Amino acid sequence: MSSYPEIADKVMGLDEAVKRFIRDGSQIAIGGFTVTRNPMAIIYEIIRQRIKDIHLVCHSHGQGLDVLIGAGCVKRLEIAYGGNGRYAPTCIRFKKAVQRSEIEFEDYSNYQMSLRFLAGSLSIPFIPTKSGLGSDLLNYEGFPKEIRGRGKVASKKFSLLQNPFNGEDDKVVLLPALNPDVALVHAQYVGEDGTVRMKGLTFADIEQAKAADIVIVTCEEIVPRSFIRLDPDQNSLPPFFVDAIVRVPYGAHPTACYTFYDYDPKHLNLYKKVAGDDSLFRQYLDEWVYGVSSHEEYIEKIGAAQLMKIKANPVLGYAVGLDRK
Amino acid sequence: MADYTDNEMMAIGAGRFIKDGDIVFAGTGVSMLAATAAKRIYAPKAVIFFETGGIDPVLDEIPMAVADLRVMSGTALNSGLIEAFSIVGHRKLHTIAFLGAAQVDRFGNLNTTVIGDYWKPKTRFSGSGGACDVASFASGVITFMQHEKRRFVEKLDYLTSVGWYKGGESRRHLGLQRGGALAVVTNLCVMRFDENTKEMYLAEYYPGFTVDKIVENTGFPIDVSRAREAEPPSAEELRILREEVDPQRLIL
């Protein structure tokens, strides 16, 4: 760790990052989108440390969301979409948890959730949009009344307002800002100075990170200051937003990480096979999460041959010709 | 028997709506096929983009989710969700969105959230994602449906994405300035919406299917007076779809 003097106080292991910054009941935003750049390594560590009652806030999520819910870590969920491409049109454990009334949930749309993070990042209390007018997103409150206005739960889901500037019948939807306790981001690069660089699509990761009280960044590589400062147009977050940095190669597996590796069809198919059955899913967690002591051990189980198959072409960004069935 | 599949006919039926200059919002599944096919066959100057922020990717390989790395490769720009939604509703752009749904009603309103009670559902689906947003903002929405009575319903279990709302001028009165349902493309036919009432009507039935079969499988009365038989996919359309768009048969 001493090889990065500028960020020596931020560089740590997964276990320490979770122990220091994540509590039972924390409100957490996870980065990425469905099959891509989910911060899986730290999600597995959260499960291993048996964190409970998480209040998860997300737009569209797949694997990270589903494993966290399946492991029983999530009590409360604000969400736009739970799906994992062709491997799970609807996330399997998410679906079960809602159908069995095991979690409290609130539906929004992707744009609405992104705007809520944006509002949080701008330190404004709410934000207007036209999205959702006429839809049942504005007719159903998912969260029970008794938790409204407590802690990080807004006193209501939304509010309708007439445009105050044109005097006409012109409605807008006001959405409450989000300021999560913790944002988890998996990035390709962090500089020795703490600058974060995400490659490919950034989704709402930047807004989530700026909105959160604590930001934990896991990354594929820690790179020299000279590299990250050479082309700053490509950087995503300045160092002062970041509280913890964990170098975890393959930290998004089995989701994809642009220019590093593709999603892992073999593992996602395995997950699809087991996630629908409670006891098989329990065995899956025992084998792949509780049963490994570190992400290195998990990656060793995935195996070199599979990692070579999903290795991305660094120019095109994905694994060309990968069998994705 | 026709020598093409339902998904092939649907992708081509929807792809034919796209014109050069359109900005096409693609979701997952058949909509990805339709968007890619449209650009390769009918509208090379259309631009495909994704709600995740990928704008005009090369699409040498078909993405199987909107966050697939393939939507980031060779793009004009890789951005994020906020930027993507600034495109969907942009006043200068003609944006056409492809969506899928579990249920649709006669005004093209869509349900992708839940079947049964909202809090204690019989079946929970993925939820809105960006569907509610594009339905609010895009110039037009084309929806893919399996044509079954339980999916074409009088009343949605949950209205996730607004089409023509309650018909007539009701969408505009909600405060939505443009857009609305353009078509519903099913495995049997293409439905469109009446200019005045905004009610769904049968526009084209695919070769080999009767109007009666479509009426039977629709859970509300539909006007069939304007129906005509659809042009089947040509050999060239099928070749491009099979050999260039989805050779791995991930969606086909």
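Quick notes on the rules
- Residues numbered from 1 in each chain as written.
- Chains lettered and ligands numbered in written order.
- Predicted model: local features only at pLDDT ≥ 70, side-chain atom pairs only at ≥ 80, totals over all residues.
- Heavy atoms only, no water.
- Helix = DSSP H or I, 4+ residues; strand = E, 2+ residues; numbered from the N terminus.
- Rg over C-alpha atoms; globule rule 2.2 N^0.38 Å.
- Buried < 20%, exposed > 50% of the residue type's maximum accessible area, 1.4 Å probe, protein only.
- Contact = heavy atoms within 4.5 Å.
- Areas by Shrake-Rupley, 256 points an atom, 1.4 Å probe, with all protein chains shown as cover.
- Lys, Arg positive; Asp, Glu negative; His and termini not counted.
- Charge placed at Lys NZ, Arg CZ, Asp CG, Glu CD.
- Buried area = accessible area lost by both parts, 1.4 Å probe.
- Salt bridge = Lys/Arg side-chain N within 4 Å of Asp/Glu carboxyl O.
- Polar contact = N/O pair within 3.5 Å; in protein donor to acceptor, adjacent residues only side chain to side chain.
- Nonpolar A, V, L, I, M, F, W, Y, C, P; charged D, E, K, R; others polar.
- Axes fitted to C-alpha atoms, helices over the stretch in contact; angles between N-to-C directions.
- Parallel < 35°, antiparallel > 145°, perpendicular 65-115°, else oblique.
- Left-handed = near helix turned anticlockwise from the far one by under 90°.
- Pairing = 2+ DSSP bridges.
- Phe/Tyr/Trp six-rings, centres within 6.5 Å; stacked < 30°, edge-to-face > 60°.
- Lys NZ or Arg CZ within 6 Å of the ring centre and 35° of its normal.

In terms of regular secondary structure, chain B is built from 7 helices and 14 strands. Radius of gyration (C-alpha) of chain B: 17 Å, near the 18 Å computed for a compact globule of 252 residues. Oriented by its inertia axes, the alpha-carbon framework of chain B measures out at about 45 × 45 × 35 Å. Each of the 252 residues in chain B was classed as buried or not, and the buried ones make up 62%. In chain B, the share of contacts with a sequence separation of at least 24, taken over all contacts with a separation of at least 6, comes to 64%. Taken as a whole, chain B presents about 9,500 Å² of accessible surface, with 51% of it coming from carbon and sulfur. Averaged over its 28 positive side-chain charges, chain B has a centre that lies 5 Å from the centre of its 32 negative ones.

To continue, consider the interface of chain B and chain A. One frequently used descriptor of interface size is the decrease in accessible area upon assembly of the parts. With 57 residues of chain B in contact, the opposing surface of chain A contributes 67 residues. Across the chain B to chain A interface the summed buried area is about 4,900 Å²; carbon plus sulfur atoms make up 58%. For the pair chain B and chain A, the interface holds 4 salt bridges. With a shortest N-O distance of 2.7 Å, Arg70(B) and Asp262(A) are connected by a salt bridge. Taken together, the links from chain B to chain A amount to 36 residue pairs in polar contact (both at pLDDT 80 or more). Partitioned by chemical class, the residues of the side of chain B that touches chain A number 25 nonpolar, 21 polar and 11 charged.

Further remarks concern the packing of helix 2 (residues 40-48) of chain A against helix 3 (residues 63-70) of chain A. Angle between the axes and distance between the axes: these two values describe a pair of packed helices. Residues and elements named next belong to chain A. Taken N-terminus to C-terminus, the directions of helix 2 and helix 3 make an angle of 5°; their axes are 10 Å apart at the nearest point. Here helix 3 runs roughly parallel to helix 2, going by the angle between their axes. Facing Met 40, Ile 43, Tyr 44, Ile 46 and Ile 47 of helix 2, the residues of helix 3 in contact are Gln 63, Gly 64, Val 67 and Leu 68. Of the residues assigned to the contact of helix 2 with helix 3, the class counts are 7 nonpolar, 2 polar and no charged.

Residue and element names in this part refer to chain A. One can describe the packing of helix 2 onto helix 9 (residues 278-290) by two numbers: an axis separation of 10 Å at closest approach and a directional angle of 115°. One finds that helix 2 runs roughly perpendicular with respect to helix 9. Where helix 2 crosses over helix 9, the handedness of that crossing is left-handed. Where helix 2 approaches helix 9, its residues Tyr 44, Ile 47 and Arg 48 are matched on the opposing element by Tyr 284, Val 289 and Tyr 290. Here the contact of helix 2 with helix 9 is built from residues that sort into 5 nonpolar, no polar and 1 charged.

Looking now at the pairing of strand 9 (residues 171-176) of chain A. Residues and elements named next belong to chain A. Among the 6 residues that make up strand 9, 5 are buried, leaving the element largely enclosed by the rest of the structure. Sheet analysis places strand 7 (residues 126-129) next to strand 9, joined by 4 bridges and oriented antiparallel. Across the sheet, the residue bridging to Thr 129 is Val 173, located in strand 9. Alignment of strand 8 (residues 159-162) against strand 9, held across 4 bridges, turns out to be antiparallel. Bridge assignment links Gln 162 to a residue of strand 9, and that residue is Lys 171.

Using the criterion set out here, one finds 23 aromatic pairs over all chains in the structure. Aromatic pair Tyr271(A) and Tyr284(A): ring centres 5.3 Å apart, planes at 80°, arrangement edge-to-face. Of the two residues, Tyr271(A) sits in helix 8 (residues 265-275) while Tyr284(A) sits in helix 9, which places them 13 residues apart along the sequence. The same class applies to Tyr271(A) and to Tyr284(A), which are both buried. Where Tyr118(B) meets Tyr158(B), the ring centres are 5.3 Å apart and the plane angle is 20°; that geometry is what we call stacked. In this pair, Tyr118(B) is assigned in the loop between strand 8 (114-116) and strand 9 (121-124) and Tyr158(B) in the loop between strand 10 (140-145) and helix 5 (170-174), connecting sequence segments 40 residues apart. When its relative accessible area of 0% is taken as the criterion, Tyr158(B) is described as buried. Put simply, the rings of Tyr44(A), Tyr271(A), Phe281(A), Tyr284(A), Trp288(A) and Tyr298(A) touch in pairs and so form one group of aromatic residues. Across from the ring centre of Tyr108(A), 4.3 Å away, lies the NZ or CZ of Arg116(A), which sits over that ring. In this structure, Lys301(A) is placed above the aromatic ring of Trp288(A), and the distance from its NZ or CZ to the ring centre is 4.5 Å.

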